[in-house]
Amino acid sequence: MNIFKKLYCRTYQVAFRAILPVLPYREPKILNSNEDILNVLKQFKISSVMLVTDKGIRNLGLTSKLEELLNKNLKLCVYDETVPNPTTNNVYDAVKLYNQNDCNAIIAFGGGSSMDCAKGVGAQIANPKKPLSKMKGILKVRKKLPLLIAIPTTAGTGSETTLAAVITDSETRHKYAINDFPLIPSYAALMPELTVGLPKHITSTTGMDALTHAVEAFIGRSTTKQTRQKALSATKLIFENILEAYNNGTNLEARKNMLKAAYDAGVAFTKSYVGYVHAIAHSLGGKYNVPHGLANAVILPYVLKAYGKAVYKKLWKMGVYAGLFNKSVSYFDGANLFISKIEELNKQMNIPTKIEVLIEADIAKLAVTAEHEANPLYPVPVLFTAKQLENIYYNIKGEDSEKNI
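Below or above, wherever it landed, is the structure these notes cover.

Conventions we followed
Counting of residues starts from 1 at the beginning of each chain's written sequence and follows it residue by residue. Restriction of local features to residues with pLDDT of at least 70 applies here, the model being predicted, together with a cutoff of 80 or more for giving and counting side-chain atom pairs; totals for whole chains, interfaces and linings are based on all residues. Working from all heavy atoms in the structure, the side-chain values ignore hydrogens and water. For two strands to count as paired, DSSP must find a minimum of two bridges between them. To qualify as a helix, a DSSP run of H or I must reach at least 4 residues; to qualify as a strand, a run of E must reach at least 2; elements of each kind are numbered from the N terminus. A fitted line through C-alpha atoms represents every axis, and for helices the fit uses only the stretch in contact; the resulting angles, taken between N-to-C directions, go from 0 to 180 degrees. For this analysis, residues touch if any pair of their heavy atoms sits within 4.5 Å. A helix's residues, less one, multiplied by 1.5 Å, set its expected span. Note on classification: 1.4 Å probe, protein chains only; a residue is buried when its accessible area is under 20% of the maximum for its type, exposed when over 50%, partly exposed between these limits. Roughly parallel means an angle under 35 degrees; roughly antiparallel means over 145; roughly perpendicular covers 65 to 115; every other angle is labelled oblique. Here is the rule for handedness: rotate from the far helix to the near one, and if that takes an anticlockwise turn smaller than a right angle the crossing is left-handed, while a clockwise turn gives right-handed. In this classification, Asp, Glu, Lys and Arg are treated as charged, Ala, Val, Leu, Ile, Met, Phe, Trp, Tyr, Cys and Pro as nonpolar, and every other residue, Gly included, as polar.

### Points about the sheet that holds strand β3 (residues 75–79)
Then comes step 1: Here we have 6 strands laid out as an open sheet, ordered β1-β9-β6-β4-β2-β3, and parallel in their pairing. Every interior strand has two partners, whereas the edge strands, β1 (29–31) and β3, have only one. Adjacent strand axes in the sheet meet at a mean angle of 25°, parallel and antiparallel pairs treated alike.
Then comes step 2: Helix α2 (residues 34–43) contacts β1, β2 (48–52), β4 (105–110), β6 (147–152) and β9 (187–189) of the sheet and is inclined by roughly 175° relative to β6.
Then comes step 3: Sheet strands in contact with helix α4 (residues 64–73) are β2, β3, β4 and β6, and its direction is about 145° off that of β3.

### Observations regarding helix α6 (residues 112–126)
The α-helix winds at 3.6 residues per turn, so residues separated by three or four positions along the chain end up facing the same way.
Then comes step 1: Compared with an ideal rise of 1.5 Å per residue, which puts 15 residues at 21 Å, α6 spans 21 Å between its outermost C-alpha atoms and is within 8% of the ideal.
Then comes step 2: With 13 of 15 residues buried, α6 is to be regarded as a mostly interior element.

### Notes on the packing of helix α7 (residues 200–219) against helix α12 (residues 312–321)
Then comes step 1: Their axes nearest at 10 Å, the elements α7 and α12 cross at an angle of 130°. Between α7 and α12, the crossing angle belongs to the class labelled oblique. Seen along the crossing, α7 lies across α12 with a hand that is right-handed. Between α7 and α12, the contacting residues are Ala214, Val215, Phe218 and Ile219 on the first element and Lys314, Leu315, Lys317 and Met318 on the second.
Then comes step 2: When the residues that make up the contact of α7 with α12 are grouped by side-chain class, the tally is 6 nonpolar, no polar and 2 charged.

Here it is, written out as structure tokens:
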């Protein structure tokens, strides 16, 4: 990388890390049941609440017990039109329903899409005269949202902890992120019984998504004592529980531990950010609609190998903490064992080693997109240029490249 660009990236990252302690990050308080949710609503004297979800979740009956409980105690309205990539129309329609029912709180129920939609609703309620497009980017919301409670139905995205909402413009189909501290939910309800019915491939890929959050947060250059501990805790929980959750989906203890892992990883990467795994995954998701968790699972070993010796010690620490090997193993051997354990998990859960839809002719453009996303924002262990990133894309596709990182 050009020395001046490298200096710019690292200076930007150092400056961001320096202000981390004074930024208003907060960690959602954990709830464990529908009754806990009702008690919080009563505590805040909520008279009318809107539940934001999607038809798939609702048709499975996952929201029925909560709906029944809330209907008995206060006014409830349900917006269940959320689509997989929530749109501005989703948000505006939900806002209309919110206002028609005089709501004063929001419950997000589902995966990342429902949470993104609910956060968008909250941002719009807080800024009724500002369109969503004017809030895209960083720190454009600025006002306190209505009480927001997040209930994840997958153990992976960590959306219940983050300050981001990704929205797609209904007219242009342009996808953009809204990032601000008020978007962090006040509460996260972690209820393993809601994840019991997940298909195996969702359990595996969302779980590996959480592992990617933990690993990228830990190996980056903008960590804190809290984020390092959260990342280590999440990594250990995932290695100990993901296969059990995958093979025996009714094991509530494993499901509970995976939810906690996703939560901890979410807290870690919200503060410490992610890296090139996510940048590449986002480019593949945008171009080919590759599911985000699946993309992360496939890409993670390739990027860790590309980082080389810069991450040996940190991967060794993660492996030791997770109980994958003992301290007598060298940093080099430990790092490679850690990566091989990730590959082994993928294999045991039938996650492919390649992204077959990736087209060679698209690689150069995709690499530029990933490079623009990552540099300078992501405090990665090693800075890669777009040309260097191309090599990883070729490896993911399954074709060798003469380019060297």
